[in-house]
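Topology and contacts: notes
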Amino acid sequence: MARKAVATQAKTQSNIPQFTKEQDLEAYREMLLIRRFEEKAGQMYGMGLIGGFCHLYIGQEAVVTGITMASEKGKDAQITGYRDHGHMLVMGLDPKGVMAELTGRSGGLSKGKGGSMHMFSNEHRFYGGNGIVGAQVSLGAGLAFAAKYKGDGSVSLAYFGDGAANQGQVYETFNMAKLWNLPVVFVIENNKYAMGTAIERASATTDFSMRGASFNIPGEQVDGMDVRMVHDAAKRAIEHARSGKGPFILEMLTYRYRGHSMSDPAKYRTKEEVTQYRQERDPIEQVKARLLESGFQTEEDLKTIENGIRAIVTEAADFATNDPEPAAAELWTDITISA
Ligand SMILES: Cc1ncc(C[n+]2csc(CCOP(=O)(O)OP(=O)(O)O)c2C)c(N)n1
Ligand SMILES: [Mg+2]
């Protein structure tokens, strides 16, 4: 079969795809927005303003940013699990609406009734936000089925974790997606852990790009900390799916810096491991260093960008703190009641 697993980390410097100044700036802005938004969400959780679940995306920013930059915004559909704030921000959903949903306010994207894992926007082609591990894989194939049925030329991007990759419904979905050659890219965000379980402890095989082998679905392993690598691989995978060749698997080798959720014993990995990723592989620092080294931007220019992003996040946090909670009558809206 046409397995195309490329260990992109092994690529030499000379064949790393290069970004233009504009692409680096776009990636920098988007990733920094996610980072600062998530830091603020973490603080607000600590202050008791956010309740329930809250899974932060810090460390993994290059994955959704590179893929979204390679996709057709407003046309291609995206769906993910519960670590979903970054996906919404890059897809253009209003940061105020996302933050207010986290604090359970009426101006939240789900009127404050859904919380961190349950937001959705048909307009932006973002289909959640799913708390059931692996559910988004089947739903993502459903979006691809709709695209093929309607012939609208869109591609569905379904993100899931290394832990979710061991769920049964993933393989039922792979089978049907290949059988019908659906336009779907399965993005496995391999951040090495499923809650506190390391991939080696839960997965019989840890090269997730190979998981489609028995269904004839090609896969590729990608350095998910380098937004250029992500973008390059995503371009090819999306083109594959859009041209009618069927599904493609991208395994993104990434890392989350924070705990799984807001309470995390942090006993399953060493502090040194986290520090090493932060210091040597950080996706934002990589772009920042490139912008400065190339002379495209000065420290001052980058500070101006950072200040602009801080202002967006502060505005979102203020809104999410001062907006009222939904009225009690909202308990009866947007639900189906059967007799
Ligand atoms: C069907 C189901 N089983 C178990 C859980 C509990 N659970 C929530 S997250 C998680 C781990 C998933 O890890 P992974 O897919 O690697 O995603 P990550 O959190 O690393 O992004 C588990 C077991 C759940 N939400 N749904
Ligand atoms: Mg994981």
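This one's a predicted model, so the numbers in the text were calculated from it and none came from an experiment. (Residues numbered from 1 in each chain as written. Chains lettered and ligands numbered in written order. Predicted model: local features only at pLDDT ≥ 70, side-chain atom pairs only at ≥ 80, totals over all residues. Heavy atoms only, no water.)

Near ligand 1, the surroundings consist of 15 residues, among which Y82, R83, G163, A164 and N191 are the closest. Between a nitrogen atom of ligand 1 and a main-chain N or O atom of V133, the distance comes to 3.1 Å. Separating an oxygen atom of ligand 1 from a backbone N or O atom of A164 is a distance of 2.8 Å. For ligand 1, whose unbound accessible area comes to 590 Å², protein coverage reaches 70%. Of the residues assigned to the shell around ligand 1, the class counts are seven nonpolar, six polar and two charged. (Near = heavy atom within 4 Å. Polar contact = N/O pair within 3.5 Å; in protein donor to acceptor, adjacent residues only side chain to side chain. Areas by Shrake-Rupley, 256 points an atom, 1.4 Å probe, with all protein chains shown as cover. Nonpolar A, V, L, I, M, F, W, Y, C, P; charged D, E, K, R; others polar.)

Now for the packing of aromatic side chains. Each aromatic ring pair is specified by the distance between its two centres and by the angle formed by the two planes. Under the definition given, this model contains 10 aromatic pairs. Joined through ring pairs, the aromatic side chains of F160, Y171, F174, F186 and F215 make up one cluster. (Phe/Tyr/Trp six-rings, centres within 6.5 Å; stacked < 30°, edge-to-face > 60°.)

Once that is clear, we can look at unusual backbone geometry. Phi angles above zero are rare outside glycine, and R125 is one such case at about 65°. For R125, a relative accessible area of 15% puts it in the buried group. Phi is positive for A266, close to 55°, though the residue is something other than glycine. Position of A266 relative to the elements: it lies in the loop between β7 (248-253) and α9 (271-280). (Buried < 20%, exposed > 50% of the residue type's maximum accessible area, 1.4 Å probe, protein only. Helix = DSSP H or I, 4+ residues; strand = E, 2+ residues; numbered from the N terminus.)

All right, on to helix α6 (residues 168-179) then. Taking 1.5 Å as the rise per residue, α6 with 12 residues should run 16 Å; its terminal C-alpha atoms sit 17 Å apart, in good agreement. Listed as buried for α6 are V170, T173, F174 and A177. Viewed along the axis of α6, the buried residues span an arc of 105°, placing them on a single side of the element. In α6, those exposed residues whose orientation departs by more than 90 degrees from the buried face are E172 and L179. (Expected span 1.5 Å × (residues − 1). Arc of directions from axis to C-beta.)

Around the magnesium ion (ligand 2), the donor atoms from the protein are D162 (OD), N191 (OD1) and Y193 (O), and they sit 2.1 to 2.2 Å away. Along the chain, the residues donating to the magnesium ion (ligand 2) are arranged with the sequence spacing D-x28-N-x1-Y. Of this pair, D162 sits in the loop between β2 (156-161) and α6 while N191 is found in the loop between β3 (184-190) and β4 (193-194), placing the two residues 29 residues apart along the sequence. For N191, a relative accessible area of 5% corresponds to the buried category. (Donors = N, O, S within 2.8 Å, 3.2 Å for Na, K, Ca; no water.)

Scope: geometric values only; no functional claims are made or implied.
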